[in-house]
Amino acid sequence: HPFVRLIHLHNQGFSSLRTVILFAASGRYCKYSRELSQTPWIIDGQRKTELSVQEIICDCLQAEAHASGLRFCSSGREDVDVRMLGRGRPFCAELVGPKQSVISQERLTELQEAINAGSEIVKVRDLQMMDKHGIEKMKEGETDKVKHYSALVYIAAGVASVDLSPLSSTKELRVMQRTPIRVLHRRTLMDRERTIHSMSTEPVDDHHFRLLLSTQAGTYIKEFVHGDLGRTSPNLCSILNECLDITELDVMAVELDWPPAITPEDNVG
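Residues numbered from 1 in each chain as written. Predicted model: local features only at pLDDT ≥ 70, side-chain atom pairs only at ≥ 80, totals over all residues. Heavy atoms only, no water.

Draft legend 1. The arrangement of the overall build of the chain in detail. Counting its regular elements, the chain contains six helices and 13 strands. Within the chain, the fraction of its 269 residues that count as buried is 47%. In the structure as shown, the chain presents an accessible area of about 13,700 Å², 50% of it carried by carbon and sulfur atoms. (Helix = DSSP H or I, 4+ residues; strand = E, 2+ residues; numbered from the N terminus. Buried < 20%, exposed > 50% of the residue type's maximum accessible area, 1.4 Å probe, protein only. Areas by Shrake-Rupley, 256 points an atom, 1.4 Å probe, with all protein chains shown as cover.)

Next comes the structure, spelled out in structure tokens:
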């Protein structure tokens, strides 16, 4: 059902706080491209990516509801070059000022099928209406939930010459991460403690191995691997005393029991 919320609206560089009528849909999305931003990526008026996850999912929802605007929120976000796999990342789309304020579950399922049929790089599951408490549920335990990753790591010395066993035996490793250099232009400079719950490795070729990690949400995985010039400590380079870098990263799972699962496992995409 539609509800009222006080939100910031942005228009032509101005921001205003307004009470608006909106309704929201929630679901999970998978992203299979390493060249796709989560939301429109625009710098100095120039688009950096042709599309975004938000636009692929929300354009048809906004058109269906005849809404004047929308807000896209998710349980965390992946970098442009990172894939979101598994059952996907929880998201919600708040549609502002909808002329059609209720969409049946049957119609939402049809819209989900249309989204999935129209895109090879984004797939949606469990699309459903959400009440006003949905975002709060999605944000619950924001830094406590567990995320699972798969990283392809390059090791200069060669896989055969390095003992990787210390990684698999390391549990509940606490790391201190200073805001990474790559996001410092848009994030507050601060130190954050995060936990690496577990790690395991699989050799890939002479100079690459697969690193599987379970971590506390909010952990900067790329920086944990290469150290970010010492801004993350300890890091994989310091643990192994080797020169390492990360070449690919995938999010395999976001442990959050929301939204309720309604899409059969064999009926996504």
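From this point, things continue past the structure.
Draft legend 2. Structural context of the nonpolar core. Ile-57, Leu-61, Phe-209, Leu-211 and Leu-236 are the most contacted members of the largest nonpolar core, which has 58 residues in total. No other element matches the six residues that helix H1 (residues 53–65) contributes to this core. Beyond its immediate sequence surroundings of up to four residues, Leu-236 is in contact with Leu-167, Met-199, Phe-209, Leu-211, Phe-224, Val-225 and Leu-244. (Core = buried A, V, L, I, M, F, W, Y, C linked by side-chain atoms within 4.5 Å. Contact = heavy atoms within 4.5 Å.)

Draft legend 3. Region of the structure containing the pairing of strand S11 (residues 208–216). S11 sits mainly inside the fold: seven of its nine residues count as buried. The sheet contact formed by strand S10 (residues 191–205) and S11 spans eight bridges and is antiparallel. Bridge pairing links Ser-198 to Ser-214 in S11. Hairpin geometry of S10 and S11 is characterised by an intervening segment of two residues between the two adjacent antiparallel strands. (Pairing = 2+ DSSP bridges.)

Draft legend 4. Region of interest: the pattern of salt bridges. One pass over the structure, following the stated rule, counts 16 salt bridges. Ionic pairing is found between Glu-64 and Arg-107, a salt bridge with its closest N-O pair at 3.0 Å. In this pair, Glu-64 sits in helix H1 while Arg-107 sits in helix H2 (residues 105–118), placing the two residues 43 residues apart along the sequence. Judged by relative accessible area, which is 30%, Arg-107 ranks as partly exposed. Between Asp-79 and Lys-222 there is a salt bridge, with the nearest N and O atoms lying 2.9 Å from each other. (Salt bridge = Lys/Arg side-chain N within 4 Å of Asp/Glu carboxyl O.)

Draft legend 5. Main features of the packing of aromatic side chains. As enumerated under the stated definition, the model contains three aromatic pairs in all. Measuring from centroid to centroid gives 6.4 Å for Tyr-29 and Phe-72, while their planes differ by 45°, and the two rings are tilted. Here Phe-72 lies in strand S5 (residues 69–74) and Tyr-29 lies in strand S2 (residues 14–31), a separation of 43 residues in the sequence. Centre to centre, the rings of Phe-72 and Phe-91 are 5.6 Å apart; their planes meet at 20°, and the pair counts as stacked. Taken together, the residues span a long stretch of sequence, with Phe-72 in strand S5 and Phe-91 in strand S6 (residues 83–96) at a distance of 19 residues. Of the residues examined, Phe-91 reaches a relative accessible area of 0% and is grouped as buried. Taken together, the ring pairs connect Tyr-29, Phe-72 and Phe-91 into an aromatic cluster. (Phe/Tyr/Trp six-rings, centres within 6.5 Å; stacked < 30°, edge-to-face > 60°.)

Draft legend 6. Highlighting H1. The terminal C-alpha atoms of H1, which comprises 13 residues, lie 19 Å apart, in line with the 18 Å expected from a rise of 1.5 Å per residue. Of all the bends in H1, the largest measures some 30° and sits at Asp-59. Residues Val-53, Gln-54, Glu-55, Ile-56, Ile-57, Cys-58, Leu-61, Glu-64 and Ala-65 constitute the buried set of H1. Positive phi shows up at His-66, right after H1, with a value of about 50°. (Expected span 1.5 Å × (residues − 1). Bend = angle between axes of the 7 residues up to and from the residue.)

Draft legend 7. Quick peek at the layout of surface pockets. Estimated volume of the largest pocket: approximately 1,000 Å³. Lining the largest pocket are 35 residues, with Arg-77, Glu-78, Asp-79, Arg-186 and Arg-187 positioned closest to its centre. Elements represented by at least two residues in the lining of the largest pocket include exactly strand S3 (42–43), strand S8 (146–155), S10, helix H5 (221–226) and strand S13 (244–254). The class makeup of the residues in the lining of the largest pocket is 13 nonpolar, eight polar and 14 charged. (1 Å grid on protein atoms, 1.4 Å probe; cavity = no way out; pocket = protein on both sides within 12 Å on 5 of 7 lines; lining within 4 Å. Points joined across faces, edges and corners; volume = space filled by probe spheres on them. Nonpolar A, V, L, I, M, F, W, Y, C, P; charged D, E, K, R; others polar.)

Draft legend 8. Broad picture of the side chain of Ser-119. Structurally, Ser-119 is set in the loop between H2 and strand S7 (122–130). A polar contact is formed between the side chain of Ser-119 and the backbone nitrogen of Ile-121, at a distance of 3.2 Å. (Polar contact = N/O pair within 3.5 Å; in protein donor to acceptor, adjacent residues only side chain to side chain.)

Draft legend 9. Focus on unusual backbone geometry. A cis amide bond links Ser-233 with the next residue in sequence, Pro-234, at an omega value of -10°. Here Pro-234 shows up in the loop between strand S12 (232–233) and helix H6 (236–240). That bond from Trp-258 to Pro-259 is cis: its omega, -10°, falls within 30 degrees of zero. As for its position among the elements, Pro-259 is in the segment after S13. The phi angle at His-66 is positive, at roughly 50°, despite the residue not being glycine. Along the polypeptide, His-66 turns up in the loop between H1 and S5. Unusually for a residue other than glycine, Glu-172 sits at a positive phi of about 50°.

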